[in-house]
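Understanding the architecture of this molecule
What follows is each chain in one-letter form.
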Amino acid sequence: MSSPDRFLLAGVMGWPVMQSRSPTLHNYLFARYGLAGTYVLLAIEPAGLEAAFRALAPLGFSGCNVTIPHKERALALVDTADPVAQRIGAISCVVVRPDGSLAGTNNDAFGFVHNILQQQPDWRADRGPIAVIGAGGGARAVVYSMADRGAREIRVINRTLARAEALAREFGPPVTAVAWKERHRALEGAAMLVNTTSQGMVGQPPLDLALDTLPQSALVCDIVYVPVETPLLAAARRRGNRTVDGLGMLLHQARPAWHAWFGLEPAITPELRAVVEATLI
Ligand SMILES: NC(=O)c1ccc[n+]([C@@H]2O[C@H](COP(=O)([O-])OP(=O)(O)OC[C@H]3O[C@@H](n4cnc5c(N)ncnc54)[C@H](OP(=O)(O)O)[C@@H]3O)[C@@H](O)[C@H]2O)c1
């Protein structure tokens, strides 16, 4: 926590990392809570990751976030990883402990669920089949969180079927793998649809997915947050589905991260969201 002789430090390690909105988010929180500290971009090439991790404690960092492409390798570099990180197979957050050792965790799943709950308080994971598009790192966190919350059927639909199958094998029931060419029909009867691919992100084509078989009652989520309203979310909204965008997933990850780094859990307010959203326009 804040003390007259301690300047609070945290950051995000990635490569590339300049596009990250995390400094806006965390530096807003330092200002809001009146704490002396800063959150910096740490552009770390893969070859330098281990040395960068070892430098966190001597430099006085409380911890850092980890983003593309380091999330999976980071799991092997921390001294301990909690069960959530081990199950997801990747780390999104490192905490420097008082003895200088590094603890790894993954807050992506927490962010995904608590963003939904803030926007749709009645939501439950066990209402019906969940269709997850993609089988990469983001999908792993989404699948973990849905299974953890009691989902009874999770259809993982991925361009590379083998990756979806590997995920289904690893997580077991309720996860099933669905071939890419079956994706349109796989939405039939779904209570929820989640895009975890990079499709729809700025610079990428929209996700190629027809929503005709998706019930109008289904909740549609995207973890892409640039733009905040992806073409998928816009199409879902137009046909009457409720939607949840991906920006809040990023914001809510700050809650457990700050609790572990600085001993306080920040509130995710409309003002914070507006400050970060303003950088995405
Ligand atoms: N809101 C948040 O806090 C948050 C957190 C994590 C990630 N994200 C966002 O989620 C997105 C994915 O990130 P990630 O870490 O999961 O990436 P990743 O591990 O590289 O996975 C990418 C996924 O996208 C699929 N994909 C890529 N190009 C495709 C195409 N042309 N057609 C169909 N599928 C395609 C891949 O399929 P294959 O397996 O066939 O290659 C894979 O399933 C990014 O936009 C990232 O910014 C957001």
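This section reports on the structure supplied with the text.

The rules behind these values
- Residues numbered from 1 in each chain as written.
- Predicted model: local features only at pLDDT ≥ 70, side-chain atom pairs only at ≥ 80, totals over all residues.
- Heavy atoms only, no water.
- Buried < 20%, exposed > 50% of the residue type's maximum accessible area, 1.4 Å probe, protein only.
- Helix = DSSP H or I, 4+ residues; strand = E, 2+ residues; numbered from the N terminus.
- Pairing = 2+ DSSP bridges.
- Right-handed = clockwise from strand over helix to strand, strands pointing away.
- Near = heavy atom within 4 Å.
- Polar contact = N/O pair within 3.5 Å; in protein donor to acceptor, adjacent residues only side chain to side chain.
- Areas by Shrake-Rupley, 256 points an atom, 1.4 Å probe, with all protein chains shown as cover.
- 1 Å grid on protein atoms, 1.4 Å probe; cavity = no way out; pocket = protein on both sides within 12 Å on 5 of 7 lines; lining within 4 Å.
- Sits in = over half its atoms within 2 Å of the grid points.
- Salt bridge = Lys/Arg side-chain N within 4 Å of Asp/Glu carboxyl O.
- Contact = heavy atoms within 4.5 Å.

Moving on, we get to the pairing of strand 8 (residues 154-158). Counted residue by residue, strand 8 has five buried out of five residues, so it is predominantly covered. Neither face of strand 8 is exposed, since I154, V156 and N158 on one face and R155 and I157 on the opposite face are all buried. When strand 7 (residues 130-133) meets strand 8, the two strands line up parallel, connected through four bridges. What sits directly across from A131, in strand 8, is R155. Once you follow strand 7 into helix 6 (residues 137-148) and on to strand 8, the crossover reads as right-handed. Pairing between strand 8 and strand 9 (residues 175-179): five bridges, direction parallel.

Note that strand 1 (residues 8-14) and strand 2 (residues 37-43) share seven bridges and pair parallel. When the sheet's bridge partners are listed, G11 is paired in strand 2 with V40. A crossover links strand 1 with its parallel partner strand 2, the connecting element being helix 1 (residues 22-32), and its sense is right-handed.

On to the site of the ligand, then. Close contacts around the ligand come from 23 residues, with G138, N158, R159, T160 and R163 the closest. G138 is positioned such that a nitrogen or oxygen atom in its backbone is 2.7 Å from an oxygen atom of the ligand. One of the side-chain nitrogen or oxygen atoms of Q253 is found 3.2 Å away from an oxygen atom of the ligand. Its free accessible area being 930 Å², the ligand has 79% of it covered by the protein chains. When atoms are counted within 2 Å of each cavity's grid points, the one that captures over half of the ligand is the largest pocket. Looking at the shell around the ligand, the elements that each hand over two or more residues are helix 6 and helix 9 (247-252).

Time to look at the pattern of salt bridges. Taken as a whole and assessed by the stated rule, the structure comprises twelve salt bridges. A salt bridge links R155 to E153; the shortest N-O distance between them is 2.8 Å. Here R255 and E265 are joined by a salt bridge, their closest N and O atoms 2.8 Å apart. Of this pair, R255 sits in helix 10 (residues 254-262) while E265 sits in the loop between helix 10 and helix 11 (270-277), and the two are ten residues apart along the sequence. Given a relative accessible area of 43%, E265 falls into the partly exposed group. Linked by salt bridges that have partners in common, K181, E182 and R185 make up one network.

A few words on helix 1. Burial in helix 1 covers these residues: S22, P23, L25, H26, Y28, L29 and F30. If you follow the buried residues of helix 1, they end up packed against strand 1, strand 2, strand 3 (63-66), helix 9, helix 10 and helix 11. Positive backbone phi, at 65 degrees, marks G34, one or two positions downstream of helix 1.

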